[in-house]
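The chain contents come next:
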Amino acid sequence: MSQAAKQDANEPTRTGLSRGALKRAVLDNLFYVMGRFPEVASASDRYSAVAYTVRDRLLERWIRTARYYKERNSRTVCYLSAEYLPGPHLLNNMLNLGITRTAGEVARELGADLAEIRETEEEPGLGNGGLGRLAACYMDSLATLQIPAIGYGIRYEFGIFDQVIVDGWQVEKGDTWLRNGNPWEIPRPKLTFPVGFGGRAEHYTDKHGVIRRRWLPDLMVNGVAYDTPIMGYGVTNGNLLRLWKSEAPESFNFQAFNVGDYYGAVHAKIEAETLSKVLYPNDEPVAGKELRLKQQYFFVSCSLQDMIRLQLRNAGTLDRFHEKYAIQLNDTHPALAIVELMRLLVDEHFMSWEQAWEITRNSCHFTNHTLLPEALETWPVALFERLLPRHLEILYEINRRFLDEVRVHFLNDEERVARMSLIDESDGRKVRMAHLAAVGSRAINGVAELHSSLLKTTIMRDFHDLWPERFHNVTNGVTPRRFMVVSNPPLADLISDTCGHADWIRDMRRLRELEAHADDAGLQGRWREVKTAAKGALSDWLGQHTGFRPDPETLFDVQAKRIHEYKRQHLNLLHIVWLYEHLKQNPNAELTPRTFIFGGKAAPGYFMAKLIIRLIHAIGEVINSDPQVNGFLRVAFMPDFNVKNGQRLYPAADLSEQISLAGKEASGTGNMKFAMNGTLTIGTLDGANIELRDEVGHDNFYLFGMTAEEVQQRQAEGYRPWELYHGDAQLRSAVDLIASGLFSHGDTELFRPITENLIHSDPFMVLADFHAYQERQQEVDRAYRDPNHWTRMSILNTARIGKFSSDRAIAEYAKKIWQIEPAPVELAD
Ligand code: CR6
């Protein structure tokens, strides 16, 4: 080898991680990819040049991983999810590669600022809230735990809308996240699969004289793969997020064009492309829209065809498909996978029904994420039949065999048979997707202890009677990489400093080492400094974006999540209104100055949720401009709550509001993100709050409200909110103040839907929990006045939050549900 060649081999500048290599790569990318030189580059050009530099380094590791998994034919998790909310990629990828510091220096040397560069990144808003963000946390942990995995989903052109506030109302703006390109994805135009819709099923005789059934769709769409590498933290393993974009097959155009039907050709193209255009903006969806069913089938079919392609390439047969793949269905959105896999195996790969069912049922696993009856997906049989006629036949056959099993198991119980059927015959015929998912899965799990046990006694009770061994719990978790290290670097540094290592980032149980220092005055002081600085940064941001800059010296009391009546933002508001009145009447009341901060989007068609946003602003307007209370009470709203803005909020919160009606929030994950950042919780015994309280210690958590059992009991007895309203003077006057028009310039109609609903129906029992909530808030108020005590509790929350790492959750899935082992990849040969 020549000297020069040797030097090249020793200095892989193309993907090196040294300062020199990074600097050269950024300049090269700016020049060769963006076609710019530094003096004229815009912030967006600089961002892209840095992003491509990081991407090259990911690709090297990712390709090495792909090769390694292929050689070993590793068992692989296929996570099927209609939503992913990864958040901005740049800093997270830098962290996982271990180059954050070097990259910051390189940026400075090039006259740029990493903070400014990161601000220009658009986040892929391909999800609504908790469920989509959970999928992203799980992708992060799968890679970090070195578990081979592919995340499959939809590449929506328009993700969740951007929220802007106009005159106190939410206004939705289209999310054009792709307008400046997306450096993180690699289009795979050759990797496409055809997906059919409509048409009919027919019998035919194959070349061996066997009579078979096949589907003749009347519309074909292509799914094109777009790949995003997902790196593990501090490891070489990189997994794959593969999202499908819909396109019209080329041939379509030409056919129609040849017969002169130009309009028809264009129309077919548009219809095909519409499929992956837009994400449905409903968290806990209600309406069953045709396009949504199409989207579900589209991504499920592409994903299964891809798995089958890989398995045939590697093994030459599909007989052991279930040994190769563990398919995880993220809620019922991908439940059609069960029917589609049957169709592919039986109709297209000529497998017997029995073998195909054995494979299907041993490949699929189902996570339920909600007990809300209105959020359980069903599809009208007529719609299902029109779009997927062959699938309906298969579904009926699955149902026929399943119901026979039920009859044999529970003799003479036709009522149970009707309850368990995949078809609901009670009110127009509907396909029950949760039942389909349960029948076709090896394992069924809820997302927190309470939720998993309620599943067994409520909506899945009959299934639990039949197959108790299939039921599990895996409590949700969130990634400490994004929600601690990337969101809150000063806190991460302080923790590493105190513990003497950074191993807690991979092994969150080691945060317990902080406990020994919880009373240490030095740590407490630094802990407070970190919190105050984060509050200052949030204040600045709010000042710039809303015109109101909260005082960082006040207690930051934050409720940030989707706006939903069951989450009870209006309980929080009633308390604020009560406080306001109380202060007006008792100007000398001893009170901790507090800023209540809200954030969250409302589904565009959810009237009450949008009115709650209006009410938050209305109350804020009056209170914030009343000099009589201003030293003590303020209300702010962070517009456009998304992953990026969440990262500003979690580090800055003193108190986190997790106040849903017990039994309604399956898990919640915001609760974990706040507590990781040393935020104390005021909350009900709902979802993962229960486990969080047990972990951090009952003394370090502000509990209030009815238990799920008490809620059920109260409802069974007949809940009468008007009696509570009439019987509690403070509560009544808070409701009345809203109804009086004080917050609506005298308009007594505007908020009537909220006040009337509370008094007369109150489905989420806001009034029943008001008193307990108010009392606990007073305790919070007192505790905050003792900074040492408060800081101790804050430190203990962080120290004891380890359980809620998504690494723990994924390790549980790997062991209990998937039976899969890590496959560590080495970087050097
Ligand atoms: N809306 C639950 O409501 C849970 C997440 C993730 C939700 C929430 O409590 O933390 O899933 N459910 O498991 C659905 O989306 C159906 C959510 O995000």
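Residues numbered from 1 in each chain as written. Predicted model: local features only at pLDDT ≥ 70, side-chain atom pairs only at ≥ 80, totals over all residues. Heavy atoms only, no water.

Going by what an unreviewed UniProt entry lists, the protein chain is known as Alpha-1,4 glucan phosphorylase and is assigned to Thiohalocapsa marina. Heading Cofactor (unreviewed entry) of the UniProt record for the protein chain holds this comment: "pyridoxal 5'-phosphate". Turning to the protein chain, the UniProt annotation filed under Catalytic activity (unreviewed entry) states: "[(1->4)-alpha-D-glucosyl](n) + phosphate = [(1->4)-alpha-D-glucosyl](n-1) + alpha-D-glucose 1-phosphate". (UniProt positions renumbered as here; feature names shortened; annotations may be inferred.)

Moving on: the domain arrangement of the protein chain. With domains assigned, the protein chain is organised as domain 1 (1-72 + 96-122), domain 2 (73-88 + 123-476 + 812-818) and domain 3 (484-707 + 770-802). Placing the centre of domain 1 and that of domain 2 at their C-alpha centroids yields a distance of 36 Å. Counting residues at the interface gives 20 residues for domain 1, matched by 31 residues for domain 2. In this structure, the connection of domain 1 to domain 2 is made through 1 salt bridge. Arg179 serves as the salt-bridge partner of Glu122, at 2.5 Å between the closest nitrogen and oxygen. Taken together, the links from domain 1 to domain 2 amount to 17 residue pairs in polar contact (both at pLDDT 80 or more). Among the elements of the structure, helix 3 (43-72) and helix 4 (90-97) are those that each provide at least two residues to the side of domain 1 that touches domain 2. Of the residues forming the side of domain 1 that touches domain 2, the biggest block, 16 residues, is contributed by helix 3. (Domains from an automatic or database assignment. Contact = heavy atoms within 4.5 Å. Salt bridge = Lys/Arg side-chain N within 4 Å of Asp/Glu carboxyl O. Polar contact = N/O pair within 3.5 Å; in protein donor to acceptor, adjacent residues only side chain to side chain. Helix = DSSP H or I, 4+ residues; strand = E, 2+ residues; numbered from the N terminus.)

What follows covers the packing of aromatic side chains. Applying the stated rule across the entire model yields 18 aromatic pairs. An aromatic cluster of three or more residues is present, and its members are Tyr79, Tyr138, Tyr813 and Trp818. The ring of Phe197 carries the charged tip of Lys294 above its face, separated from the ring centre by 5.8 Å. Cation over ring: Arg416 sits above Phe410, and NZ or CZ is 3.8 Å from the ring centre. (Phe/Tyr/Trp six-rings, centres within 6.5 Å; stacked < 30°, edge-to-face > 60°. Lys NZ or Arg CZ within 6 Å of the ring centre and 35° of its normal.)

Here Leu491 lies in helix 21 (residues 489-499). In this structure, the C-alpha to C-alpha distance between Leu491 and Pro651, residues 160 residues apart in sequence, is 8.3 Å. Dropping the residues within four chain positions of it, Leu491 is found in contact with Trp527, Val530, Met676 and Asn677.

This part takes up helix 3. An ideal rise of 1.5 Å per residue puts 44 Å on 30 residues; helix 3 measures up with 43 Å between its terminal C-alpha atoms. Following helix 3 by one or two positions, Asn73 has its phi on the positive side, about 45°. (Expected span 1.5 Å × (residues − 1).)

Our focus in this paragraph is the pattern of salt bridges. Overall, the coordinates contain 69 salt bridges when judged by the stated rule. Linking Arg594 and Asp557 is a salt bridge whose minimum nitrogen-to-oxygen distance equals 2.7 Å. Here Arg594, found in strand 18 (residues 594-599), pairs with Asp557, found in strand 17 (residues 555-560); they are 37 residues apart in sequence, far enough to count as distant. Accessibility classification places Arg594 together with Asp557 in one group, the buried group. When the shortest N-O distance is used, the salt bridge between Asp781 and Arg785 registers 2.4 Å. (Buried < 20%, exposed > 50% of the residue type's maximum accessible area, 1.4 Å probe, protein only.)

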